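Coordinate analysis (summary)
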Amino acid sequence: MRGGAAVALFGWVLLVVLCTTGLCFDPDAGLRTNYIVNATLTTTAGGVSTLNQMRDGNLSTYWASSGCLPMGYVTNSEANLLLNVCRTAGACNSTNSNSDQISSITDGTADTGYQVNTVQNSNSTIFIQLPSSVTYIRRIGFRFNGGSPTIQFLNSNAQITYTLNVNTNYQWINSLVNQSNVVTLKITSTSSFILQEIALMSQQCFETVHISFPAPISLGWIQAKLGNPTSVSASLYYSQSTSSNTNFTFFANGNTSSYEFLDIPFNNDNFNTINIQNVSSVLVKFTEPDDVEYLHVQLFEMRIFDMYGPYGPPARDFNFVQNQTFKQLLAINGIWGWGSNGFYPYGRNQSFLNQPFGDGPGLYSVLTNTARNYHNLDWDISTPQSIVNYTAMALGAGTQSTWWLNWDAEYSSWKQYQNYSLGNFTTILASIQFTNSAPFAVSNWGSNPAALAYQYAKNFAAHFGPTQGNGLITAFEVGNEPWDFPASFYTTLLSGMISGISDTDPNMLRFPCALQADSPDFPREGDGVLYNAKYIGYRVLQNQTSLLSGINHHSYSYAFDTSGIMRGVPPDSTVTTQHSVRNMIRWRDANMPGKPVYLTEFGWDGSDDCTDSRCVTLQQQAAYAVRGILTLAREGLDRLVWYFYSDLEGGGYFANSGLTTYSDKSIAKNYKKPVYYAVNNLIDVLGDYKHYKVIVEDGKQFVYMWRKDSGETMIGGWRNA
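Residues numbered from 1 in each chain as written. Predicted model: local features only at pLDDT ≥ 70, side-chain atom pairs only at ≥ 80, totals over all residues. Heavy atoms only, no water.

Some remarks on the overall build of the protein chain
Looking only at helices and strands, the protein chain has eleven helices and 36 strands in total. A total of 721 residues make up the protein chain; the buried ones form 55% of that total. The long-range share in the protein chain, meaning contacts at least 24 apart out of those at least 6 apart in sequence, stands at 71%. On the protein chain, roughly 29,100 Å² of surface is accessible, and the fraction owed to carbon and sulfur atoms is 48%. (Helix = DSSP H or I, 4+ residues; strand = E, 2+ residues; numbered from the N terminus. Buried < 20%, exposed > 50% of the residue type's maximum accessible area, 1.4 Å probe, protein only. Contact = heavy atoms within 4.5 Å. Areas by Shrake-Rupley, 256 points an atom, 1.4 Å probe, with all protein chains shown as cover.)

Points about the environment of Arg 138
Mapped onto the elements, Arg 138 comes out in strand 8 (residues 136-145). Discounting residues that sit within four places of it in the chain, Arg 138 has contacts with Ser 175, Leu 176, Val 177, Asn 178, Met 201, Ser 202, Gln 203, Gln 204 and Asp 290. Within polar-contact distance, the side chain of Arg 138 engages the side chain of Asp 290 at 2.2 Å. (Polar contact = N/O pair within 3.5 Å; in protein donor to acceptor, adjacent residues only side chain to side chain.)

Observations regarding the sheet that holds strand 35 (residues 701-707)
Ordered in space as 34-35-36, the three strands form an open sheet in which the pairing is antiparallel. Looking at which strands have only one partner, the edges of the open sheet turn out to be strand 34 (690-697) and strand 36 (713-719). On average, adjacent strands in this sheet sit at an angle of 20 degrees to one another, irrespective of strand direction. With six bridges connecting them, strand 34 and strand 35 associate as antiparallel partners. The partner of Lys 690 across the bridge, within strand 35, is Arg 707. (Pairing = 2+ DSSP bridges. Axes fitted to C-alpha atoms, helices over the stretch in contact; angles between N-to-C directions.)

Remarks on the side chain of Gln 621
Locating Gln 621 in the fold gives a position in helix 10 (residues 618-635). The buried category is assigned to Gln 621, whose relative accessible area is 0%. Reaching out from Gln 621, the side chain makes a polar contact with the side chain of Lys 673 at a distance of 3.3 Å. With residues up to four places along the chain from it excluded, the contact list for Gln 621 reads Trp 604, Asp 605, Gly 606, Val 616, Trp 642, Asn 656, Ser 657, Gly 658, Lys 673 and Val 675.

Points about the state of the cysteines
Inspection of the entire model under this criterion finds three disulfides. Residue Cys 610 pairs covalently with Cys 615 via a disulfide, S to S 2.0 Å. As the torsion about the S-S bond is roughly 55 degrees, the Cys 610-Cys 615 disulfide counts as right-handed. (Disulfide = S-S within 2.5 Å.)

Here's the deal with the pairing of strand 27 (residues 551-554)
Burial along strand 27 is two-sided: the face carrying Ile 551 and His 553 and the face carrying Asn 552 and His 554 are both buried. Here strand 27 pairs with strand 30 (residues 597-602) via four bridges, running parallel. Opposite Ile 551, over in strand 30, you have Val 597 as the bridge partner.

Digging into the pattern of salt bridges
One pass over the structure, following the stated rule, counts 16 salt bridges. One salt bridge connects Asp 589 with Arg 316, and the closest N-O pair in it is separated by 2.9 Å. Separated by 273 residues along the polypeptide, Asp 589 in helix 9 (residues 580-591) and Arg 316 in the loop between strand 21 (301-305) and helix 1 (326-329) bring together distant segments of the chain. The exposure class assigned to Asp 589 is partly exposed, which follows from its relative accessible area of 32%. Note that Asp 589 is salt-bridged to Arg 588, the shortest N-O span being 2.9 Å. The buried category is assigned to Arg 588, whose relative accessible area is 5%. (Salt bridge = Lys/Arg side-chain N within 4 Å of Asp/Glu carboxyl O.)

Brief notes about the nonpolar core
Of all hydrophobic cores here, the largest spans 102 residues; its most connected members are Tyr 456, Phe 460, Phe 464 and Phe 476. Core analysis: the next-biggest nonpolar cluster, separate from the first, contains 33 residues, Ala 45, Ala 224, Phe 286 and Leu 299 among them. (Core = buried A, V, L, I, M, F, W, Y, C linked by side-chain atoms within 4.5 Å.)

What about the pairing of strand 30?
Of all the six residues making up strand 30, six are buried; the element is thus mostly covered by neighbouring parts of the structure. This β-α-β element, strand 30 to helix 10 to strand 31 (residues 639-642), shows right-handed connectivity. (Right-handed = clockwise from strand over helix to strand, strands pointing away.)

Let's talk about helix 7 (residues 487-504)
Compared with an ideal rise of 1.5 Å per residue, which puts 18 residues at 26 Å, helix 7 spans 26 Å between its outermost C-alpha atoms and is within 8% of the ideal. For helix 7, the set of buried residues is Phe 489, Tyr 490, Thr 491, Leu 493, Leu 494, Gly 496, Met 497, Ile 498, Gly 500, Ile 501, Ser 502 and Thr 504. In this structure, the buried residues of helix 7 make contact with helix 6 (449-464), strand 25 (475-478), strand 26 (509-512) and helix 8 (536-539). (Expected span 1.5 Å × (residues − 1).)

Considerations on the packing of aromatic side chains
The final tally for this structure, using the stated rule, is 53 aromatic pairs. Ring centres of Tyr 556 and Tyr 558 lie 6.2 Å apart, and the angle between their planes is 15 degrees; this geometry places the pair in the stacked category. Overall, the relative accessible area of 10% leaves Tyr 556 in the buried class. We classify Tyr 558 as buried; its relative accessible area is 9%. The ring of Phe 300 is capped by Lys 225, whose NZ or CZ atom sits 4.3 Å from the centre of that ring. The lysine or arginine in question, Arg 614, covers the ring of Tyr 653, its NZ or CZ lying 3.9 Å from the ring centre. (Phe/Tyr/Trp six-rings, centres within 6.5 Å; stacked < 30°, edge-to-face > 60°. Lys NZ or Arg CZ within 6 Å of the ring centre and 35° of its normal.)

The following block contains the structure:
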């Protein structure tokens, strides 16, 4: 059991968190209340046995209706106006002397029937009195056996408004009639006939799912995967009535042409969402075409939240005071060589002997004191069993797997170190990159992977640690995005590595890989990796929290548009996925209070030529970067690491994320993009300030106060267009 003991109670599972001493551990502390979990699901459209698949956390399973046409609507009490009408005394009569079995003509099945005989050479006739609620008839369906009956539609004056001649027997027939003010159906034939079933509809074919809550909720945000054939539409409604499920108010239209899991916030004007109070139920209505038979609508998955959706409100209130300046908060993701071939005298290319400060890492260290490196594990060791000799590396012998590599030279060039400085970073974070593939696939770690992970981390801390080593590395991440490892195996490696660091140099900070705290079950991204593989509740265990220095998250600012296309959006958008930082902060507050939350990747792809829907323009990238830094500081994060230092060659998404854009790699000089100048200006103005207070934050206007330690304050903000 995760986080406590499970007790079965009347078919439900009651989670009892047991705390004996110390801190309670809640692996799901970042999650928000999803109201559909405890709701009652009902439908009159069939497929009852699959209803729970619309809330099972699996985007591949779904509820499927039994279909409207040709006969699915006949048994649907919401759709069929005549269902069981003939059970009401006097509603249906015939020329037979005995009408006891006439109720079978509206019992919802065409396998039964009622025979009407001629009497003394007169016609055989059935009269059906329609319910008073019927004001319009769109469709009629029926099955006859024998005879050649005629169906007459009579108004309140017994006048015939429409006549339908039935020429086909033994088959179910649907016919669009579009008649109003009909009060009686008269079915007559010159010979005996059997009417097996008759049905009416007043609307286009539709099928519904009702979601009823055990207690009234505040409704503001629905997530749903509603993918269906393009001829199907979906609408969402809500009811605030506790006594009836018939009084519904329109909420929003759903997108059935997209098979993505889409956000549907209420009253979203691109600025804000609001709550609808005291909602007792939600109705999902699918409308189908009139001419398509055997169409089964489907609902894959749904979640229901209040106005803050799956992410929640900011984890810090309006009076939150950030404890770091903007220059301390901001960091930049770099890579070995910063777009060059390495730095003299240890690198491969000695042409950089006279490289001026301001190129390579120096171009970026004017923005911040901190850099993060993607430190490839396979550059250090060729197998998990290999041992790297960093002392020999420092003397020019390379690492165990890379003969030419000298990390000391590389990292020294990032900092003010000896006479070879090209940068001015004072803090370097090392993200040890490895994935579940050769040479570090699960099968290659042998019988004691924790011991191998421990050995590598111990050697790393002994050489690079701030107190036991040369002080080049401040923090160590156990993987960047190693989400393809099984969670249980990753936690084994995590335990080994953080123990190796802690035992050797406890002053080296220790972080897990980038994780998320907002969804424990299904995918949300089209990156080929299950989103639940990133879930912190699966990959950080209670006994690891004391050894970890903090937690780590990647988050970019996306949102699906109304057509189901994922777009890059501003950081202050109500529906941005970047709000996932709030779940991580709540998880930290519950399980590792006081420890930092690092956002080690954020940013926007900025290009005026990019065709990927997630790209933004160069000017938007610059504006969003500034607003992103300001809003993320307000959220209470402890590190903001921009991805990436430079654009990448080759195109594709993430190729335009840089603060600079590449030019000629042979001279290691990158050209500054508008976003570089925007961030530089921000740091020039606010670098020594800390977020101090929220003045206005209403979804459309954002006004903040920032403060220096000396007491000097500044106020600034922006308004969304």
